[in-house]
Amino acid sequence: MKKFIVFIFKIVAILLVIALSLDVIYTFLYTKVIDTSKFQFIKKQEDTKFNYVFLGSSRVVNHIHPEVIDSITNKKYY
């Protein structure tokens, strides 16, 4: 019985080490890799200030014309 408990403890310890190492690798890659979404790209634009940001699918691109809003309000958009 004692061998079985030691065996289970070893398996749990190995799984914890693997889980922690995968978490560290994923976190490093997620923070250092090129932006994968529009929101991440906008979030990393620290020096640039936007008045309007249009996020969404192709419907946003096809139905909202930022040039018209820019010409009316003279505000920056992305």
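Right above here is the structure, for reference.
Because the structure is a prediction, the values reported are computed rather than measured.

**Focus: the overall build of the protein**
Of the regular secondary structure elements, the protein holds four helices and zero strands. Along its sequence from the N terminus, the protein presents helices and strands in the succession α-α-α-α. Relative to its length of 78 residues, the protein is extended, with a C-alpha radius of gyration of 24 Å against a globular reference of 12 Å. Across its three principal directions, the C-alpha atoms of the protein cover 80 × 30 × 15 Å. Looking at the 78 residues of the protein, the share that counts as buried comes to 4%. Nonlocal contacts in the protein, meaning residues at least 24 apart in sequence, comprise 41% of its contacts between residues at least 6 apart. Charge-centre separation for the protein: the mean point of 11 positive side chains lies 16 Å from the mean point of 6 negative side chains.

**Here we look at helix H1 (residues 2–32)**
Between its first and last C-alpha, H1 extends 45 Å over 31 residues, near the 45 Å set by a 1.5 Å rise per residue. With zero of its 31 residues buried, H1 lies for the most part at the surface.

**Focus: a nonpolar patch on the surface**
Where nonpolar side chains cluster on the molecular surface, the patch consists of Met-1, Phe-4, Ile-5, Phe-7, Ile-8, Ile-11, Val-12, Leu-15 and Leu-16 and spans about 930 Å² of accessible area. As for its position among the elements, Val-12 is in helix H1.

Cut-offs applied
- Residues numbered from 1 in each chain as written.
- Predicted model: local features only at pLDDT ≥ 70, side-chain atom pairs only at ≥ 80, totals over all residues.
- Heavy atoms only, no water.
- Helix = DSSP H or I, 4+ residues; strand = E, 2+ residues; numbered from the N terminus.
- Rg over C-alpha atoms; globule rule 2.2 N^0.38 Å.
- Buried < 20%, exposed > 50% of the residue type's maximum accessible area, 1.4 Å probe, protein only.
- Contact = heavy atoms within 4.5 Å.
- Lys, Arg positive; Asp, Glu negative; His and termini not counted.
- Charge placed at Lys NZ, Arg CZ, Asp CG, Glu CD.
- Expected span 1.5 Å × (residues − 1).
- Patch = residues over 30% accessible without salt bridge, like charges linked within 9 Å, V, L, I, M, F, W, Y side chains within 5 Å.
- Areas by Shrake-Rupley, 256 points an atom, 1.4 Å probe, with all protein chains shown as cover.
- Salt bridge = Lys/Arg side-chain N within 4 Å of Asp/Glu carboxyl O.

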